[in-house]
Protein chains: 2
Amino acid sequence: MSKATKFVNKDGPFRFKEGGSLPAVTVAYETWGELAANRDNAVMILTGLSPDAHAASSELDPSEGWWEPIVGPGRPIDTDRHFVICVNSLGSCKGSTGPSSTNPETRQPWRLAFPVLTIEDIAAAAQLVIEHLGIERLQALVGPSMGGMSCLAWLQQNPLGARHFLAISTAAAAEPFAISIRSLQREAIVTDPAWAEGGYSDDEWPIKGMRIARKLGMISYRSAVEWRDRFGRQKQDKYEPRLFGMNFAIESYLEAAADRFIGQFDPACYLYLSRVMDWFDAAEGFDSLAQALAPIALESNLTIGVSTDVLWPSHQQIALTAALAENGVRSRYLELPSVQGHDAFLVDYDRFCPAIEAYFTSIEE
Amino acid sequence: MSKATKFVNKDGPFRFKEGGSLPAVTVAYETWGELAANRDNAVMILTGLSPDAHAASSELDPSEGWWEPIVGPGRPIDTDRHFVICVNSLGSCKGSTGPSSTNPETRQPWRLAFPVLTIEDIAAAAQLVIEHLGIERLQALVGPSMGGMSCLAWLQQNPLGARHFLAISTAAAAEPFAISIRSLQREAIVTDPAWAEGGYSDDEWPIKGMRIARKLGMISYRSAVEWRDRFGRQKQDKYEPRLFGMNFAIESYLEAAADRFIGQFDPACYLYLSRVMDWFDAAEGFDSLAQALAPIALESNLTIGVSTDVLWPSHQQIALTAALAENGVRSRYLELPSVQGHDAFLVDYDRFCPAIEAYFTSIEE
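Model, not experiment: these values are computed from the prediction. (Residues numbered from 1 in each chain as written. Chains lettered and ligands numbered in written order. Predicted model: local features only at pLDDT ≥ 70, side-chain atom pairs only at ≥ 80, totals over all residues. Heavy atoms only, no water.)

Trainee: Got a sec to walk through the environment of A:Ala53? Specific residues and values, please.
Mentor: Residue and element names in this part refer to chain A. Within the element layout of this structure, Ala 53 appears in the loop between strand 3 (42-46) and strand 4 (71-72). Taking C-alpha positions, Ala 53 is 8.4 Å from Ser 89, a pair spaced 36 residues apart along the chain. Among all residues touching Ala 53, those that are not within four sequence positions of it are Ala 28, Tyr 29, Glu 30, Trp 32, Trp 66, Cys 86, Val 87 and Asn 88. (Helix = DSSP H or I, 4+ residues; strand = E, 2+ residues; numbered from the N terminus. Contact = heavy atoms within 4.5 Å.)

Now the structure itself:
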């Protein structure tokens, strides 16, 4: 955990959307910059599945954050001007309460006894941070990937809560292709015997299943175009060749990505967080997405999509922009031609930095 | 096995490209129509990974074949005019010798003692059938998917062997995206404890791994566009919901596809055949694909691609057509706008039947 991480502890039952409750929850977050006296410069970032709250370095923790080139003094989300808050999702294993947290009654991890989690619960937990900080209205809300879903749910819960909204490579609901990928990732984990119906020991995680899940993740996060240019049919010599695998550079790239992930992210937390994205549907119970978002009193929105993103395809960002625009929000869609697919917001800073900087400049004019 | 299946048995060692040999091999095939007196009307079909030789029904076996609407009397590949041969790939478990065949010395299946298999070996085994039938030159060679690779290898081995070549949703070599998918499918199988390093019992196949492999296959064979229209966010009630899965129609669709596959296809055969597609590179050892294909004396080629195919993307078919055209072959690329991705040649007959029929009409003019 980063030394810069702060925590909000909520005592008394936290009730989950699908039923069940926890006696108390902790939400981890990190902040940069100073909250203005009139509290009008707060920016909240909600994250994708795996990041913690350490989006960027600071004096308290000079280690590089997961969005280092975006957040900081003089950077696109400028911590000299904004009070930036990044919240670790409820259900994660990076500081906020999740299935890997200890059940105070049993002194064991919650695991499958953790209530069914939804995007709406993650949003409600983020609001605990905002209330704790005494913020009435955010200047901006920022959500890439799953974080964009959490932002939408938060806006549905707090329709007057933010003035501006930057949505990145996200969607109002998952389509079947994305569901199929995530469902198969979860199947790989729960069919690993080491999963043991959630009873895995700390010494033996279902790493074979996690490895497959992470590799399938990478396959869906990047793009065939990027890999064709980057790896082609290049052979690899980083790992010993295996029976039926590990001949090509693309295979060692995926293996290295899996190596970095497994052991870092609790399997039960991964399963809980993966499922929330399949289940979320901002338009559920409404006639249209526009109707579902109608109460939200945003001044502006920028939604950024990437042409090579197969997991969160750009037509979903276009639909989100259109629904907000239909409600009178000054909403704009920007498509970036990055080759890195869904992951572009984490790697293609040459394109993302100026786009995000321009939006943040525009909301202050 | 179909009653219509015939067999060529080759005694004496069959040597594999990467080394090793078998004391004898059997190649399964099926034929339709009559070979003309001058033997000029033979059409050979080489198949994708999983099909057997039963491409179409016949008097001997009236059951529907895997390419029923394409092959038969009056059909696009017209068995009233052509003598059609479909060959089951060497390495398969559908009649030709493969890793599931019995090693005569041990009376056990070969499994991992089967020599390393390549596309070139599959092509050489297909040639055993052609020699057995006394055919000097094929009127046409037809290869969808992996079968197209086998056709290319066969043409490299038999540069004067065919007059016309219909290539469908295939490539001269795999790109890293396709390799990543297949490598991960194989990883899912070999990390299933029931795989037992190839020592799985007949009662306990690595079906959990095979299930993941098949589902990942389907994800890569179809398209997100098809699924969006066909399934959307529809729920399912065919299977009991599971922990972290089986809520959506797309999940039950994949489950049913896996149910049909596992138990049908030997895991070791699957692994061997999957790998051949990663390894094949028609241009290996040459400066260009055109140079590699230069000796091939085809009169014409039609290469069909599908715009939504992510596994064998259409730029690969375009490159193949260009390489053949560079060598003076009357070569044409046809892109079909099917939504079914790589699988379109097996399901979108409204588009494939007229396209194939027109090509076969053209080669007789």
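Back to the text.
Trainee: Explain the packing of helix 3 (residues 176-190) of chain A against helix 6 (residues 249-261) of chain B to me, and be specific about the residues and the numbers.
Mentor: Relative orientation of the contacting elements helix 3 of chain A and helix 6 of chain B amounts to 60 degrees, with a least axis distance of 9 Å. Between helix 3 of chain A and helix 6 of chain B, the angle falls in the class oblique. Both helix 3 of chain A and helix 6 of chain B take part in a crossing whose hand is right-handed. On helix 6 of chain B, the residues touching A:Pro176, A:Ile179, A:Ser180, A:Ser183 and A:Arg186 of helix 3 of chain A are B:Ile250, B:Glu251 and B:Leu254. Class assignment for the residues of the contact of helix 3 of chain A with helix 6 of chain B results in four nonpolar, two polar and two charged. (Axes fitted to C-alpha atoms, helices over the stretch in contact; angles between N-to-C directions. Parallel < 35°, antiparallel > 145°, perpendicular 65-115°, else oblique. Left-handed = near helix turned anticlockwise from the far one by under 90°. Nonpolar A, V, L, I, M, F, W, Y, C, P; charged D, E, K, R; others polar.)

Trainee: Could you give me a rundown of the packing of aromatic side chains, with the residues and numbers involved?
Mentor: The description of two aromatic rings rests on the distance between their centres and on the angle between their planes. Inspection of every chain in the model, using the stated rule, returns 30 aromatic pairs over all chains. One aromatic cluster in this structure is built from A:Phe14, A:Phe16, A:Phe114, A:Trp195, A:Tyr200, A:Trp205, A:Tyr272 and B:Phe244. Lying across the ring of A:Tyr200, A:Arg111 places its NZ or CZ 3.4 Å from the centre. Just above the ring of B:Trp279 sits the side chain of B:Arg275; from NZ or CZ to the centre is 4.7 Å. (Phe/Tyr/Trp six-rings, centres within 6.5 Å; stacked < 30°, edge-to-face > 60°. Lys NZ or Arg CZ within 6 Å of the ring centre and 35° of its normal.)

Trainee: Tell me what's going on with the interface of chain B and chain A, and back it up with residues and numbers.
Mentor: Taken together, the contacts link 48 residues of chain B with 48 residues of chain A. Regarding the contact of chain B and chain A, the summed buried area is about 4,100 Å², with carbon and sulfur atoms giving 68% of it. Per-residue buried area on chain B facing chain A is highest for B:Pro176, B:Arg233 and B:Phe244; these three make up 20% of the total on that side. Where chain B touches chain A, the interface holds eight salt bridges. Residue A:Asp281 pairs with B:Arg233 through a salt bridge whose shortest N-O separation is 3.5 Å. Joining chain B to chain A, the criterion identifies 20 residue pairs in polar contact (both at pLDDT 80 or more). Those elements that place two or more of their residues in the side of chain B that touches chain A are helix 3 (176-190), helix 4 (207-221), helix 5 (224-230), helix 6 and helix 7 (267-279) of chain B. Looking at which element gives the most residues to the side of chain B that touches chain A, the answer is helix 3 of chain B, with eleven residues. (Buried area = accessible area lost by both parts, 1.4 Å probe. Salt bridge = Lys/Arg side-chain N within 4 Å of Asp/Glu carboxyl O. Polar contact = N/O pair within 3.5 Å; in protein donor to acceptor, adjacent residues only side chain to side chain.)

Trainee: Would you mind going over unusual backbone geometry in detail, with residue names and values included?
Mentor: All names here are of chain B. Its identity as a non-glycine residue notwithstanding, Arg 39 has a phi of 60 degrees, on the positive side. Along the chain, Arg 39 turns up in the loop between strand 2 (21-32) and strand 3 (42-46). In the Ramachandran plot, Glu 197 falls in the positive-phi region, its phi being about 50 degrees despite a non-glycine side chain. With respect to the helices, strands and loops of the structure, Glu 197 is situated in the loop between helix 3 and helix 4.

Trainee: Break down the packing of helix 1 (residues 119-132) of chain B against helix 2 (residues 146-157) of chain B for me, with residues and values.
Mentor: All names here are of chain B. At a closest axis distance of 8 Å, the pairing of helix 1 and helix 2 adopts a crossing angle of 70 degrees. When the interaxial angle is binned, helix 1 and helix 2 end up roughly perpendicular. Mapping the contact onto sequence places Ile 119, Glu 120, Ile 122, Ala 123, Ala 124, Ala 126, Gln 127 and Ile 130 in helix 1 and Met 146, Met 149, Ser 150, Ala 153, Trp 154 and Gln 157 in helix 2. When the residues that make up the contact of helix 1 with helix 2 are grouped by side-chain class, the tally is ten nonpolar, three polar and one charged.

Trainee: Before we move on, can you summarise the sheet that holds strand 12 (residues 330-336) of chain A with the specific residues and values?
Mentor: All names here are of chain A. In space, the eight strands of this open sheet follow the order 1-2-6-3-9-10-11-12, with mixed pairing throughout. Two strands in the sheet have a free side with no partner beyond their single neighbour: strand 1 (6-15) and strand 12. Ignoring which end each strand starts from, the neighbouring axes of this sheet average 20 degrees apart. Both strand 3 and strand 9 (residues 138-144) contribute to a ladder of three bridges, which runs parallel. Its bridge partner being in strand 9, Ile 45 is matched across the sheet by Val 142. (Pairing = 2+ DSSP bridges.)

Trainee: Account for the state of the cysteines, naming residues and giving values.
Mentor: Residues and elements named next belong to chain B. The tally for this structure, following the rule as stated, stands at zero disulfides over all chains. The thiol of Cys 151 is unpaired, and the distance to the nearest cysteine sulfur, on Cys 86, comes to 10 Å. The buried category is assigned to Cys 151, whose relative accessible area is 0%. Of all cysteine sulfurs in the structure, the one in Cys 93 sits closest to Cys 269, which takes part in no disulfide; the separation is 4.5 Å. A residue is classified by how much of its surface remains accessible, and Cys 269, at 0% relative accessible area, is buried. (Disulfide = S-S within 2.5 Å. Buried < 20%, exposed > 50% of the residue type's maximum accessible area, 1.4 Å probe, protein only.)

Trainee: Explain the side chain of B:Asn41 residue by residue, including any values.
Mentor: Residues and elements named next belong to chain B. Position of Asn 41 relative to the elements: it lies in the loop between strand 2 and strand 3. The buried category is assigned to Asn 41, whose relative accessible area is 8%. The contact partners of Asn 41, leaving out residues within four places of it in the chain, are Glu 34, Leu 35, Ala 36, Arg 81, His 82, Phe 83 and Gln 139.

Trainee: Which residues make up the nonpolar core, and what values go with them?
Mentor: Counting residues in each nonpolar core, the largest one holds 190 residues, and the members touching the most others are A:Ile85, A:Trp154, B:Ile85 and B:Trp154. If we ignore the near neighbours within four places in the chain, the residues touching B:Trp154 are B:Met44, B:Ala123, B:Ala126, B:Gln127, B:Ile130, B:Leu138, B:Leu141, B:Gly161 and B:Ala162. (Core = buried A, V, L, I, M, F, W, Y, C linked by side-chain atoms within 4.5 Å.)

Trainee: Break down the relation of the copies chain B and chain A for me, citing the residues and quoting the values.
Mentor: Each of the two copies of the chain can be brought onto the other by a rotation about an axis and a shift along it. If you rotate chain B by 180 degrees and push it 0.0 Å along the axis, it lands on chain A with an RMSD of 0.0 Å. Read as a symmetry element, the transformation amounts to a two-fold axis. Both copies contact each other with a shared surface, as 100% of the interface residues of chain B are interface residues in chain A too. (Least-squares fit on C-alpha atoms with pLDDT ≥ 70 in both.)

Trainee: Go over the sheet that holds strand 3 of chain B with me, naming the residues and quoting the values.
Mentor: Residue and element names in this part refer to chain B. Spatially, eight strands are ordered 1-2-6-3-9-10-11-12 in an open sheet, and the strand pairing comes out mixed. Edge positions in the sheet fall to strand 1 (6-15) and strand 12 (330-336), since each of these pairs with one other strand and no more. When strand polarity is set aside, the average angle formed by the axes of neighbouring strands in this sheet is 20 degrees. Inspection of the sheet shows strand 3 paired to strand 6 (residues 83-87) by five bridges, in the parallel sense. Paired with Val 43 across the bridge in strand 6 is Val 84. Seen against the sheet, helix 2 touches strand 3, strand 9 (138-144) and strand 10 (162-168) and runs at an angle of roughly 140 degrees to strand 9.

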